[in-house]
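Below, each chain spelled out in residue letters.
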Amino acid sequence: MIEPHAPAPPGAPPPWGTPRAPLPVRPGTGRLLVLACVFVCAACGLVYELELVALASYLIGDSVTQASVVLSVMVFAMGVGSLGAKRLRWHAAAGFAAVEAVLALVGGCSAMALYAVFAWTGGWGGLWAAGPRCLLVAFSLAIGLLIGAEVPLLMELIQRIRRQDAGGAVADLFAADYVGALVGGLAFPFLLLPVLGQLTGTLLTGTVNVVAGGALVLGLFRRDLSRRARWTLVVTNLTVLGVLASAAVLVDDFERAARHAVYGADVRVALQTDVQEIVLAGGTHGRPLDLFLDGRLRVGGRDERRYHEALVHPAMNGPHARVLILGGGDGMAAREVLREPGVRRVDVVELDAGLIRLARRDPALAALNGHAYDDPRVHVVTADAFRWLREAPRSGYDVVIADLPDPGITASTKLYSEEFYGLARGALARGGRLAVHAGPVQARPGVFWTVAATMRAAGLAPAPYRVLGRDAGFTPGPDRSAGESRAPHDWGFLLATPGRRPPRLRLPADGPPLRTLTQRELTRDALPPPPPDLPVSTLVDPRY
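Since the structure is predicted, the reported quantities are computational estimates derived from the model, not experimental observations.

**Student:** Is there a simple way to think about the overall build of the protein chain in this case?
**Tutor:** A tally of regular secondary structure across the protein chain gives 14 helices and eleven strands. Looking at the protein chain residue by residue over its 544 residues, the buried ones come to 51%. Of all intrachain contacts in the protein chain linking residues separated by at least 6 positions in sequence, the fraction that spans at least 24 positions is 76%. For the protein chain, the computed accessible surface area is about 24,500 Å², with 61% contributed by carbon and sulfur atoms.

Here it is in structure tokens:
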């Protein structure tokens, strides 16, 4: 039951029982300091939320699901935390200091703990397979409880300075809280993540959190605490700061060990760009090169030629003087395009400039893509493929190759929408062909056939086919799943032309001999039938 909280009449005695010692500053200055602390704590709380969402999306996948889980659990926990904090109102200063110390420790270390569980226990299987998800929910619940407990305690502290009506106090408190949340929400993607990284940025946030809470209580409300309580608070905050500082010192070694646990001992390059994390493993001393983008295998040196030959060469059966590659920043698709005679121009539209630079400069990756970016016929544009297509020349290309992230990833949904395929169709010349990687057929047949239905809705006639990976124990192409039991072992493709008649699946008769792919494998045999009532992926976001 909600307790009534009526405005206190002028001259009424304070509601805290025994009178408290006077504050060391004037009431106006004290209120300003409390609101400043509300601002800082709100910013830190939102950084914790965004850090959990970002790390869970990176480690577990499906950003919409992970964001929904984190935010819904946190909002629920905040309500429970607010109710639980009612018992601490009579000791608001000590309670707030304790909440901030625990929140700084839990929130600041949450990223490292989640990453550690994913790296070292994610492959155990059994009950441990759900370890990262369970820990994500546990951190969301704990951080939400602590954030929810802040508001009632801060309300008591602000009323402790100068008694006022509840409506005015709530308005001041929430104004500082929401503005702080705005600053934290902007600081995470534009400052903390690109400059410090997820782990160091979260540790710094915990440091700011514990310093702000401890400074407010020890500086403004120290007379409300006993001598023993003050020393306990000082020791606790110093301990939390020591833990966070130690973790910050060891974070580089931790990240290196965790990457080796996830990607193997051959990791050579680990680069966080503005778009994604890029990891290169192997590529030296005869070892195959693996390229991971945000934890998913994009290029597997054991079998990558099989994927790229199947994606590119069927589309090159016909006029192919002008070729557009959407994605494909690793340069492998451009390598296969340049092998065909008669190619005059290749335009590569890639969002991540860091991946392009790495594909040019890394010796192993440049050797694997045949130094495609050194060819004068190749022109690179750093842009979002969807937006770029809106301004692309009409009927400007004989072939369009969509070498894009897996359609099962939420962030790539717009690149498999009806609107996207409509724009790609407009860029095709008469008789042009569009080749699309549509995910593994065996593991996700519904996704594969949904892409086919979407292409038909956009006025394209697709011919579906798939190619099996030669190494049955290897996870091929850009479809690396989080669990080995769900790892796909095939690639699904769609070759489409404008109109109603799908193209014939043939390799170019005058093309180069292929190392891994034969005409016999370009077949629709053994494809699972499409499910009934397939949906069409339609883009509804007005920003695009």
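**Student:** Whenever I open this one, a nonpolar patch on the surface confuses me. Can you help?
**Tutor:** Among the surface-exposed residues, Leu191, Val195, Leu196, Leu204 and Val208 lie close enough to one another that they form a single nonpolar patch of about 410 Å² accessible area. Elements represented by at least two residues in the nonpolar patch include exactly helix 5 (166-196) and helix 6 (198-220). Among the elements that line the nonpolar patch, the one with the most residues is helix 5, at three residues. Its location among the elements puts Leu196 in helix 5. Assessed through its relative accessible area of 34%, Leu196 is described here as partly exposed.

**Student:** Could you clarify how one ought to interpret unusual backbone geometry in this entry?
**Tutor:** For residues that are not glycine, phi is negative in most cases, and the peptide bond is trans in most cases. Located in the positive-phi region is His371, a residue other than glycine, with phi close to 55 degrees. One non-glycine residue, Ser395, lies in positive phi territory at about 55 degrees. Note that Ser395 resides in the loop between helix 12 (385-390) and strand 8 (397-403). For Ser395, a relative accessible area of 40% translates into the label partly exposed.

**Student:** Before we go on, may I ask you to explain the sheet that holds strand 5 (residues 322-327) in this structure?
**Tutor:** Strand-to-strand pairing in sheets goes through backbone hydrogen bonds, with the strands running parallel or antiparallel. Strand order in the open sheet formed by seven strands is 7-6-5-8-9-11-10, with mixed pairing between adjacent strands. The open sheet has two free edges, formed respectively by strand 7 (378-382) and strand 10 (460-468), since each of these has just one partner strand. Averaged over all pairs of adjacent strands, the angle between their axes in this sheet comes to 15 degrees, without regard to strand direction. Judged from the five bridges that link them, strand 8 and strand 9 (residues 428-437) form a sheet pairing that is parallel. Pairing of Val399 across the sheet is with Arg433, part of strand 9. Its contacts with the sheet put helix 13 (residues 418-427) on strand 5, strand 8, strand 9, strand 10 and strand 11 (490-498), and the angle it makes with strand 9 is roughly 140 degrees.

**Student:** Mind showing me how you'd approach the packing of aromatic side chains here?
**Tutor:** When we look at a pair of aromatic rings, we describe it by the centre distance and by the angle of the planes. Overall, the coordinates contain eleven aromatic pairs when judged by the stated rule. Between the aromatic rings of Tyr263 and Phe292, the centroid separation amounts to 4.6 Å while the plane-to-plane angle is 50 degrees, which identifies the pairing as tilted. Within this pair, whereas Tyr263 is found in helix 7 (residues 227-263), its partner Phe292 is found in strand 3 (residues 290-293), the two being separated by 29 residues in sequence. Assigned by exposure class, Tyr263 and Phe292 land together as buried. Here the aromatic rings of Tyr307 and Phe493 are separated by 5.7 Å at their centres, their planes lie at 40 degrees, and the arrangement is tilted. Of this pair, Tyr307 sits in helix 8 (residues 304-312) while Phe493 is found in strand 11, placing the two residues 186 residues apart along the sequence. Of the two residues, Tyr307 and Phe493, both sit in the buried class. An aromatic cluster of three or more residues is present, and its members are Tyr307, Tyr465, Trp491 and Phe493.

**Student:** For this particular structure, what's the right way to read the side chain of Asp347?
**Tutor:** Among the secondary structure elements, Asp347 is positioned in strand 6 (residues 345-350). Taking relative accessible area as the criterion, Asp347 reaches 5% and is therefore assigned buried. Among the polar contacts made by the side chain of Asp347, one reaches the side chain of Tyr397 at a distance of 2.5 Å. Apart from residues lying up to four places away in sequence, Asp347 is in contact with Val323, Leu324, Ile325, His379 and Tyr397.

**Student:** Teacher, can you tell me more about the sheet that holds strand 2 (residues 277-281) here?
**Tutor:** One open sheet accounts for four strands, arranged 1-2-3-4; its pairing is antiparallel. Taken across any chain shown, the strands that pair with only one partner, and hence form the sheet edges, are strand 1 (267-272) and strand 4 (296-300). Ignoring strand direction, the axes of neighbouring strands in this sheet form an average angle of 20 degrees. Alignment of strand 2 against strand 3, held across four bridges, turns out to be antiparallel. Residue pairing across strands places Leu280 opposite Leu291, the latter belonging to strand 3. Sheet contacts for helix 10 (residues 353-361): strand 1, strand 2 and strand 3; angle to strand 2, the most-contacted strand, approximately 20 degrees.

**Student:** Please explain the pattern of salt bridges as it appears in this structure.
**Tutor:** Between side chains of opposite charge, a pair can form when the charged atoms approach closely. Summed over the entire model, instances satisfying the criterion amount to 17 salt bridges. Across the salt bridge formed by Arg305 and Glu336, the nearest N and O atoms sit 3.7 Å from each other. Here the residue Arg305 occupies a position in helix 8, and Glu336 occupies one in helix 9 (residues 332-339), the gap between them amounting to 31 residues. Across the pair Lys414 and Asp384 runs a salt bridge whose closest N-O atoms are separated by 2.8 Å. Here Lys414, found in the loop between strand 8 and helix 13, pairs with Asp384, found in the loop between strand 7 and helix 12; they are 30 residues apart in sequence, far enough to count as distant. Asp384 sits in the buried class, given a relative accessible area of 14%. When salt bridges that share partners are traced, they join Glu304, Arg305, Glu309, Arg335, Glu336 and Arg339 into one network.

**Student:** Which parts of the structure should I look at to understand helix 7?
**Tutor:** Since the α-helix turns once every 3.6 residues, residues separated by three or four places project in the same direction. The end-to-end C-alpha distance of helix 7, which contains 37 residues, comes to 52 Å, matching closely the 54 Å that a straight helix rising 1.5 Å per residue would cover. Along its length, helix 7 shows its largest kink, about 55 degrees, at Leu250. Those residues of helix 7 hidden inside the fold are in contact with helix 1 (27-59), helix 3 (92-121), helix 6, strand 1, strand 2 and strand 3. Positive backbone phi, at 100 degrees, marks Gly264, one or two positions downstream of helix 7.

**Student:** Whenever I open this one, the nonpolar core confuses me. Can you help?
**Tutor:** Grouped burial of nonpolar side chains is what soluble globular proteins tend to show. Counting 71 residues, the largest nonpolar core has Val34, Leu52, Leu59, Phe96, Leu157, Leu216 and Phe221 as its most contacted members. Every element with two or more residues in this core is listed here: helix 1, helix 2 (63-84), helix 3, helix 4 (131-161), helix 5, helix 6, helix 7 and strand 2. The biggest single contributor to this core is helix 3, with 15 residues. Sequence-distant contacts of Leu216, defined by excluding residues within four places in its chain, comprise Leu33, Val34, Cys37, Phe96, Leu157 and Phe221.

**Student:** Could you clarify how one ought to interpret the pairing of strand 4 in this entry?
**Tutor:** Residues in a regular strand project their side chains so that they alternate between the two faces of the sheet. The buried fraction of strand 4 amounts to five of the five residues, a majority that puts the element mostly inside the structure. The pairing of strand 3 with strand 4 spans four bridges and is classified as antiparallel. Among the inter-strand pairings, Asp290 is bridged to a residue of strand 4, identified as Gly300. Counting the residues that bridge the hairpin from strand 3 to strand 4 gives two residues, and of these Asp294 lies at a positive phi of roughly 50 degrees.

What counts as what
Residues numbered from 1 in each chain as written. Predicted model: local features only at pLDDT ≥ 70, side-chain atom pairs only at ≥ 80, totals over all residues. Heavy atoms only, no water. Helix = DSSP H or I, 4+ residues; strand = E, 2+ residues; numbered from the N terminus. Buried < 20%, exposed > 50% of the residue type's maximum accessible area, 1.4 Å probe, protein only. Contact = heavy atoms within 4.5 Å. Areas by Shrake-Rupley, 256 points an atom, 1.4 Å probe, with all protein chains shown as cover. Patch = residues over 30% accessible without salt bridge, like charges linked within 9 Å, V, L, I, M, F, W, Y side chains within 5 Å. Salt bridge = Lys/Arg side-chain N within 4 Å of Asp/Glu carboxyl O. Pairing = 2+ DSSP bridges. Axes fitted to C-alpha atoms, helices over the stretch in contact; angles between N-to-C directions. Phe/Tyr/Trp six-rings, centres within 6.5 Å; stacked < 30°, edge-to-face > 60°. Polar contact = N/O pair within 3.5 Å; in protein donor to acceptor, adjacent residues only side chain to side chain. Expected span 1.5 Å × (residues − 1). Bend = angle between axes of the 7 residues up to and from the residue. Core = buried A, V, L, I, M, F, W, Y, C linked by side-chain atoms within 4.5 Å.

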